[in-house]
Amino acid sequence: MHRRFALKDIYSENRLFLSRIVIIFIVILLLMGAIIARLIYLQITGHEYYVSQANNNRIKISSLPPTRGIIYDRYGKVLADNIPSYSLELTPELIPDITETLTQLKHLLNLSEETLTQFKKQLTRHRSFDSIPLLLQMNDTTVARFAVVQHQFPGVDIHARLIRHYPYGKMAAHLVGYVGRINETELKTLSATRYKGTHSIGKTGIEKAYEEQLHGKPGHAEVETNAQLRPIRVIKSEAPIPGKNLHLTLDIELQNIAYQAFKNHNGAAVAIEIATGDVLSMLSHPGFDPNPFSSGISTKAYNLLQQSDRKPLFDRALKGQYPPGSTLKPFIALAGLQYALIQINTPLFCPGYYQLPNVSHRYRDWKIWGHGFVTLNDAIVQSCDVYFYDLARTLGIDRIHHFLSQFGFGQKTGIDLVGEKSGLLPSRNWKRQNKNLPWYPGETLITGIGQGFMQTTPLQLAVATATLANQGISIRPHLIKPATASEPKPMAEKINIDPAYLSDIINSMINVVHTPKGTAYKLSQNINFKIAGKTGTAQVFTVKQKEKYEAEKLKEKLLDHALFIAFAPANAPEIAVAVIVENGGHGGSTAAPIAKKIIAQYLKKASHHD
Amino acid sequence: MGKGAQRWLDLGFFRFQPSEMIKITTPAAIAWYFSEHALPPRWKELFIALLLVAIPTFLIAKQPDLGTAILIASSGTAVFFFAGISWRIMLSSVVSLIALTPVLWHFMHDYQRARVITFLNPESDPIGRGYHIIQSKIAIGSGGLYGKGWLESTQAKLDFLPERSTDFIFAVFAEEFGLLGCVSLLFLYLLITMRSLYIAVNAQDTFCRLLAGSLSVTFFVYVFVNIGMVIGILPVVGVPLPLISYGGTSMVTLLIGFGIVSLTTALTDLSSLYL
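Residues numbered from 1 in each chain as written. Chains lettered and ligands numbered in written order. Predicted model: local features only at pLDDT ≥ 70, side-chain atom pairs only at ≥ 80, totals over all residues. Heavy atoms only, no water.

1. Quick notes on the packing of helix 8 (residues 169-202) of chain B against helix 9 (residues 206-230) of chain B
Residues and elements named next belong to chain B.
- With their axes 9 Å apart at the nearest point, helix 8 and helix 9 run at an angle of 165 degrees to one another. Of the possible angle classes, the one that applies to helix 8 and helix 9 is roughly antiparallel. For helix 8 against helix 9, the interelement crossing comes out left-handed. From helix 8, F170, A171, L186, Y189, I192, T193, S196, L197, A200 and V201 reach across to helix 9, where they touch R209, A212, G213, S216, F219, F220, V223, N226, I227 and V230.
- Of the residues contributing to the contact of helix 8 with helix 9, the split by class is 14 nonpolar, five polar and one charged. (Axes fitted to C-alpha atoms, helices over the stretch in contact; angles between N-to-C directions. Helix = DSSP H or I, 4+ residues; strand = E, 2+ residues; numbered from the N terminus. Parallel < 35°, antiparallel > 145°, perpendicular 65-115°, else oblique. Left-handed = near helix turned anticlockwise from the far one by under 90°. Contact = heavy atoms within 4.5 Å. Nonpolar A, V, L, I, M, F, W, Y, C, P; charged D, E, K, R; others polar.)

The structure is reproduced here in structure tokens:
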């Protein structure tokens with residue numbers, strides 16, 4: 001630049017600007033020319049070609065939806081498959097008067113007002129050449145009634161399509177999950193190409209967690225049609241790739257045993273194979289029939305399920321959070337031994353209550369008159385609360401929190417399902433952050449017997465029990481085995497516990513079941529193997545000071561939850577089980593028998609398979 | 001629409017695209033900066049002005065909203081051009097831009113790359129991404145010289161054509177009104193562009209001149225990029241057809257732009273407003 005002084009030269013600036021405007025103007029004209037040339041090419045030269053494309057021979061690309069993968073249990077029993085079903089479908093663009101047609105169909109087939117509203121909603125979401133289902137599961141009578149008059153209804157057809165079927169229905173409804181119509185939010189996030197022609201998607205359980213694999217890949221066919229859009233011939237097609245079949249670790253027979261064992265109770269049971277982490281059974285009771293969901297459940301039926309007092313839709317095994325009650329005691333005892341705060345033979349006197357120094361509040365034992373002198377073994381076998389109040393106090397909440405977290409309490413187990421709850425393992429920090437209060441000593445005491453803030457899911461409890469039975473080597477539960485064996489397994493973490501202490505605790509847990517004083521002694525009858533277990537009772541209802549808990553006087557709703565954790569055979573553990581029976585009263589009488597049935601069935605089957 | 005783009009700001013009563021305003025503020029900022037100095041700009045001024053364009057363009061392309069990024073970049077480039085930068089610089093930047101293409105490709109989102117690939121070969125994905133272009137070519141081509149008539153577009157009516165009221169509305173227009181309609185429409189666009197360029201020539205000070213010139217060019221870039229993509233000579237980027245496409249805050253910005261251009265005729269010296 002030779003101009004050293006940047007003085008504004010208005011005249012030369014004007015001239016420069018004008019010349020640039022002229023150049024731009026020429027460029028604009030050239031680009032306009034390009035557009036027009038292209039338009040001439042498309043609209044004049046290519047006109048006939050494109051007209052034929054548009055009018056005479058429309059090429060429609062129709063999507064061929066893939067078949068959804070089948071879900072099997074560990075022995076190849078079908079848990080979810082696809083069965084043909086007849087549906088009545090309308091293609092709006094082929095129907096001269098859709099309102100009139102709907103009115104006629106309503107009279108002919110006795111359609112409910114709800115079906116029509118549902119359909120009208122669908123109508124706005126689809127393109128007018130899409131085939132939209134009006135009735136999803138037609139029975140033979142309806143099919144016949146319509147077939148006779150079909151010629152009067154252009155654009156209305158009977159389609160055979162595959163719908164999801166769950167042969168075991170209620171038995172594994174939460175775990176397998178169900179598919180349902182794709183809703184508006186899902187529609188927005190789904191790949192339109194992958195879900196073209198598919199009407200349903202996994203909503204819960206395995207169906208949701210493994211949607212990606214179960215769905216498969218759609219194929220497509222380019223179909224030549226005439227002006228009325230009737231197909232003339234298929235030009236080319238690409239077959240869909242069906243979804244992957246899944247083999248679960250679940251044993252549906254075992255699940256059935258658990259399901260039957262629950263009778264009328266609400267609750268959950270989880271059984272895990274210790275050596276592998278395979279989830280053998282995972283039941284939430286009561287169940288519900290998932291089949292209506294795949295064919296489009298009516299609002300009425302859904303509300304009935306949703307509003308039921310027994311909450312059948314809620315997956316208690318995965319999402320239910322309960323105080324662990326006395327089932328926590330073996331873990332607390334182990335902490336006491338590991339931190340060298342107690343010795344197995346040093347007794348403690350249990351007067352039936354426990355008091356903190358200088359506080360009048362009495363922390364009660366469940367046995368009002370007390371257990372007398374108890375050793376650690378007695379304390380576990382008879383589930384003495386006072387012993388654990390004292391132990392919890394010496395441990396302190398910090399050590400309790402640290403020790404228990406190693407067993408997975410307060411954390412998700414990482415099972416391959418969506419929506420798992422993490423439970424709650426309280427700590428000073430947690431209380432400060434969530435309640436903005438300091439930790440009180442009394443809260444440590446009740447944490448020691450698994451009450452208070454502490455909450456666990458049945459799945460978590462089963463995993464913790466399995467970890468205990470597995471010599472402290474942590475377990476990651478799964479319903480589907482990790483894809484390839486060659487995949488490097490994540491290093492199993494081992495909790496630092498002295499094996500001698502572990503066997504002391506396991507012995508006490510055997511005594512819970514196999515000695516007359518044990519809280520689950522009844523279980524030992526008629527079995528030829530040894531079970532290690534622990535009963536538990538979780539309070540639903542707080543008993544006031546100086547009052548007595550009288551089960552008969554309380555409504556069933558307020559009865560305590562019954563819990564039982566167990567593993568067997570005690571000397572070489574193969575299966576770990578956790579059972580929770582809501583409002584079941586005492587763990588030994590309602591929860592333990594369910595666990596026993598599961599274990600017995602598993603061991604019987606294992607011996608047959610060997 | 002999703003597609004990985006985060007373009008909207010929800011203000012409760014209406015949703016606002018913050019990047020819209022930048023379409024005006026960017027050329028205004030550079031025009032003001034250049035008008036404060038003698039023209040043609042020197043290296044230092046060029047560098048600063050370049051940053052003023054590059055930063056918003058980069059951020060919006062990252063968003064990712066390629067259409068808006070292109071419009072902002074071109075509005076900035078237009079100011080440079082009108083400010084009178086030398087041909088040598090322009091030529092060398094074009095060359096270096098071409099050299100940078102692979103780098104640009106690296107930073108593109110998957111869906112943007114897919115659009116470029118689709119543009120180069122629409123048949124490669126007839127069910128998915130190529131569908132737009134194939135269908136819009138059928139619509140335009142079948143319109144012929146006179147078109148099928150008002151509301152007679154079969155492509156649109158039978159739902160073959162997606163986004164027919166927004167970005168692809170030109171295809172429907174072409175099908176219904178034919179080549180004659182298209183040429184008339186283009187002529188109207190040309191009139192608007194010429195009129196605003198004329199205003200720019202007559203503007204009294206540098207700022208007004210540069211801004212009005214730049215806004216006129218941007219208006220034309222809108223038209224060209226949109227129609228270019230619909231007729232298949234440019235890749236598919238989300239740019240609406242000005243004054244015709246349905247909705248969007250882009251209409252508001254466009255009208256604000258017209259307002260500013262008109263204002264320059266009313267004021268002999270716009271800079272007196274803020275000096």
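This is not the end of the story, as more comes after the structure.
2. Looking at the sheet that holds strand 12 (residues 279-285) of chain A
Residue and element names in this part refer to chain A.
- With antiparallel pairing, five strands are arranged side by side in an open sheet as 12-11-19-18-17. The sheet is open, and its two borders are formed by strand 12 and strand 17 (532-538), each paired with just one other strand. Sheet twist, expressed as the average angle between the axes of neighbouring strands with direction ignored, equals 5 degrees.
- For strand 18 (residues 561-568) and strand 19 (residues 575-581), the ladder comprises seven bridges, and the chain directions are antiparallel. Bridged to L563 within strand 19 is I580.
- Its contacts with the sheet put helix 19 (residues 458-469) on strand 11 (267-273), strand 12, strand 18 and strand 19, and the angle it makes with strand 19 is roughly 150 degrees. (Pairing = 2+ DSSP bridges.)

3. So, the interface of chain A and chain B
- Tallying the contact residues gives 47 residues for chain A and 56 residues for chain B.
- Summed over both partners, the interface of chain A with chain B buries about 4800 Å², with 73% contributed by carbon and sulfur atoms.
- It is F17, R20 and Q43 of chain A that lose the most area in chain A upon contact with chain B, and together they represent 15% of the buried surface on that side.
- The interface formed by chain A and chain B includes zero salt bridges.
- Only helix 1 (10-45), helix 2 (47-56), strand 1 (58-64) and strand 8 (219-225) of chain A provide two or more residues apiece to the side of chain A that touches chain B.
- Ranked by the residues each element gives to the side of chain A that touches chain B, the list is headed by helix 1 of chain A, at 22 residues.
- Of the residues that constitute the side of chain A that touches chain B, the class distribution is 27 nonpolar, eight polar and twelve charged. (Buried area = accessible area lost by both parts, 1.4 Å probe. Salt bridge = Lys/Arg side-chain N within 4 Å of Asp/Glu carboxyl O.)

4. What about the confidence of the model for chain B?
Residues and elements named next belong to chain B.
- Per-residue pLDDT for chain B has a mean of 81; in total, 82% of the residues score no lower than 70.
- Within chain B, no element has a lower average pLDDT than strand 1 (residues 9-10), which sits at 56, and none a higher one than helix 8, at 93.
- In the model output, the complex is listed with pTM 0.63 alongside ipTM 0.88. (pLDDT = per-residue confidence, 0-100.)

5. Quick word on the state of the cysteines
Residues and elements named next belong to chain A.
- Counted under the stated rule, the structure contains zero disulfides over all chains.
- In this model C350 remains outside any disulfide bridge; the closest cysteine sulfur is found in C384, 3.7 Å from its own.
- A residue is classified by how much of its surface remains accessible, and C350, at 1% relative accessible area, is buried. (Disulfide = S-S within 2.5 Å. Buried < 20%, exposed > 50% of the residue type's maximum accessible area, 1.4 Å probe, protein only.)

6. Some thoughts on the pattern of salt bridges
- Taken as a whole and assessed by the stated rule, the structure comprises 21 salt bridges over all chains.
- With a closest N to O distance of 2.6 Å, K148 of chain B and E175 of chain B form a salt bridge. You can see K148 of chain B sitting in the loop between helix 6 (131-143) and helix 7 (154-157) and its partner E175 of chain B sitting in helix 8, a full 27 residues away along the chain.
- For E175 of chain B, a relative accessible area of 0% translates into the label buried.
- Salt bridges here are not isolated pairs; linked through shared partners, they connect R68, R164, E207 and E211 of chain A.

7. A few points about helix 8 of chain B
- When the terminal C-alpha atoms of helix 8 of chain B are compared, their 35 Å separation across 34 residues is substantially less than the 50 Å that a helix rising 1.5 Å per residue should span.
- At G178 of chain B, helix 8 of chain B shows its maximal bend, which comes to roughly 120 degrees. (Expected span 1.5 Å × (residues − 1). Bend = angle between axes of the 7 residues up to and from the residue.)

8. A short note on a nonpolar patch on the surface
Residues and elements named next belong to chain B.
- Together, F47, I48, L51, L52, I55, F58 and L59 make up an exposed nonpolar region whose accessible area comes to about 660 Å².
- Tracing the chain through its elements places F47 in helix 2 (residues 43-62).
- What makes F47 exposed here is its relative accessible area of 52%. (Patch = residues over 30% accessible without salt bridge, like charges linked within 9 Å, V, L, I, M, F, W, Y side chains within 5 Å. Areas by Shrake-Rupley, 256 points an atom, 1.4 Å probe, with all protein chains shown as cover.)

9. Side note on the nonpolar core
- By size, the foremost hydrophobic cluster in this structure holds 123 residues, and its most contacted members are M282, F388, F407 and F409 of chain A.
- At ten residues, the largest contribution of residues to this core is made by helix 16 (residues 385-405) of chain A.
- Setting aside its immediate chain neighbours within four residues, F388 of chain A contacts K329, I332, A333, L376, A379, I380, G448 and I449 of chain A.
- Counting residues in each nonpolar core, the second largest holds 72 residues, with I35 of chain A together with I30, F82 and I85 of chain B among its members. (Core = buried A, V, L, I, M, F, W, Y, C linked by side-chain atoms within 4.5 Å.)

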